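Listed below are the residues making up each chain.
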Amino acid sequence: MTDDEAAPETRLIHTRTGRLDRVTVNPPLERASTVLFRDEAGLYGAKPTYGRMGLTVHRELEAAMGELEGAAHTRLASNGLQACALAIAACVSSGGHLLFTDSAYGPTARFCERRLKAMGIEAERFDPRDTADLERRLRPETQAIFLESPGSLTFEIADLPAIAAICKARRIRIICDNTWGAGLHHQPLALGADISVQALTKYVVGHADAFAGAVMTRNGGLAAKIAAVSEDWGIGLAPDDAYLALRGLRTLHTRLKAHEAAGLEMAQWLSARPEVADVLHPALPTSPDHALWTRDFTGSNGLFGVVLKPVPEGGMERFFEALSLFGLGFSWGGFESLVIPCDQQLTRMKGSWTEQRSGPLLRFHIGLEAVRDLKADLDTAFAAMSA
Ligand SMILES: *Cc1c(COP(=O)(O)O)cnc(C)c1O
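Residues numbered from 1 in each chain as written. Predicted model: local features only at pLDDT ≥ 70, side-chain atom pairs only at ≥ 80, totals over all residues. Heavy atoms only, no water.

A. Fine view of the overall build of the protein chain. The helix and strand inventory of the protein chain stands at 13 helices and eleven strands. Against the globule reference of 21 Å for 387 residues, the protein chain gives a C-alpha radius of gyration of 21 Å, in line with a compact fold. In terms of overall dimensions, the protein chain has C-alpha extents of about 75 × 55 × 40 Å along its principal axes. Burial statistics for the protein chain: of 387 residues in total, 53% are counted as buried. Pairs at least 24 residues apart make up 74% of the contacts formed inside the protein chain by residues separated by at least 6 positions. Distance between charge centres in the protein chain, computed from 40 positive and 47 negative side chains, equals 3 Å. (Helix = DSSP H or I, 4+ residues; strand = E, 2+ residues; numbered from the N terminus. Rg over C-alpha atoms; globule rule 2.2 N^0.38 Å. Buried < 20%, exposed > 50% of the residue type's maximum accessible area, 1.4 Å probe, protein only. Contact = heavy atoms within 4.5 Å. Lys, Arg positive; Asp, Glu negative; His and termini not counted. Charge placed at Lys NZ, Arg CZ, Asp CG, Glu CD.)

See below:
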């Protein structure tokens, strides 16, 4: 059987660079700044010459991420935000213009609006559900489009193939944050994106204990630009975190399937609750994004949003107070269930549909606990909210 014929879960377990003459299942973890050479010629010859460029574990993780995303080139970063910044910076230059989705991860939006501005690049939002809106905002100096699909907190899906068709003729680069799809359930590069980015911190690491990011592309010229920005900014990934990301990757398929099944069950259960106005989950047939999700994704996961009906005075405080299994905390993709209130961090364009919400927006991450226990936890919390 060739590698191409094997199922994704098989390939995730068996990707190796082939350079290792290995006696252990996992690669050796080298904690190193200095790399030693036998002679002077070696110092300026062989790579890597310095630990910042990564060593054995990094090369293995790059190969595995490339396999996962269908990419020829992978560059690692110390976290997901840095990976997003790296990808964007490789596609824009002073005097240029970038369009980014209105539902981008908050710190990515902040990078666009604050850091790019300081670099002489104009960043502008567009409505992820309205490709015509994006097209109207294109300018002669537009250099790149930043997508995140589904978007953070509100889970809108952008029509990537349609956007790619518009951008191709104009030589505009498309970057897609693929953290939700995790590479297994969405393949932006196959659908026309030039760069796919992931916060490995989420499902790839999978255990809420390390940060990592990755930038993937099929385009050699673009890969060289990404490498140059990464070198100039001194971007790297700590070996221990690279090791944890690679270890997480080996079980990603199994974990993601479990998160997906539990996530769907909880999303459906929440849809039927009297306190809930809407569940924002593209795999639900009631979602306005369901048709695009069905066409462009092969699965979902445990992360979705919930819009509540108007909540009685003090109800949210009582809801969070009553929870015992769901943790209150940022990030997601680990084995544990989490919930956060989102209203405080939601920044959207004027006229966004989010302005017409009936009540507070929550984001749930469904972990690997028994669904029965999670429902009981929420039952208690909803009862406290209404009391
Ligand atoms: C968490 C997240 C990031 C940032 O990743 P960090 O590793 O926390 O810096 C970027 N994009 C998305 C969609 C995320 O959820």
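B. Structural context of the sheet that holds strand β3 (residues 122-126). One open sheet accounts for seven strands, arranged β1-β7-β6-β5-β4-β2-β3; its pairing is mixed. At either margin of the open sheet sits one strand with a lone partner, and together these are β1 (73-77) and β3. Looking at each pair of strands side by side, their axes are set apart by 20° on average, direction ignored. Against the sheet, helix α3 (residues 56-69) makes contact with β1, β6 (195-199) and β7 (213-217), and its axis sits at roughly 125° relative to β1, the strand it touches most. (Pairing = 2+ DSSP bridges. Axes fitted to C-alpha atoms, helices over the stretch in contact; angles between N-to-C directions.)

C. The arrangement of the pattern of salt bridges in detail. Considering all chains together, one arrives at 25 salt bridges under this definition. Arg129 serves as the salt-bridge partner of Asp289, at 2.7 Å between the closest nitrogen and oxygen. Linking Asp289 in the loop between β8 (276-280) and α11 (290-296) with Arg129 in the loop between β3 and α6 (131-137), this pair joins segments that are 160 residues apart in sequence. Through salt bridges with shared partners, a single ionic network connects Glu122, Glu124, Asp130, Asp133, Arg136, Arg137, Arg139 and Glu141. (Salt bridge = Lys/Arg side-chain N within 4 Å of Asp/Glu carboxyl O.)

D. How the structure looks around the sheet that holds strand β11 (residues 361-365). The four strands are arranged β8-β9-β11-β10 in an open sheet whose pairing can be described as antiparallel. Strands with a single pairing partner mark the edges of an open sheet, and in this sheet they are β8 and β10 (338-341). Strand-to-strand twist in this sheet, taken as the mean axis angle between neighbours without regard to direction, amounts to 20°. Of the pairings in the sheet, the one linking strand β9 (residues 303-308) to β11 comprises five bridges and is antiparallel in character. Across the sheet, Val306 pairs through a bridge with Leu362, a residue of β11.

E. How the structure looks around the site of the ligand. The environment of the ligand is formed by 13 residues, the closest being Gly80, Leu81, Asp177, Thr201 and Lys202. Thr201 is positioned such that a nitrogen or oxygen atom in its side chain is 2.5 Å from an oxygen atom of the ligand. The fraction of the free accessible surface of the ligand (380 Å²) that becomes covered by protein chains is 94%. (Near = heavy atom within 4 Å. Polar contact = N/O pair within 3.5 Å; in protein donor to acceptor, adjacent residues only side chain to side chain. Areas by Shrake-Rupley, 256 points an atom, 1.4 Å probe, with all protein chains shown as cover.)

F. Main features of the pairing of β9. Burial analysis of β9 places six of its six residues in the buried class, which makes it a mostly covered element. Side chains Leu303, Gly305 and Val307 of β9 all project onto a buried face; the interleaved residues Phe304, Val306 and Leu308 project onto the opposite face, where all are buried too. Pairing analysis gives four bridges linking β8 to β9, with the strands arranged antiparallel. Its bridge partner lying in β9, Asp278 is registered against Val307.

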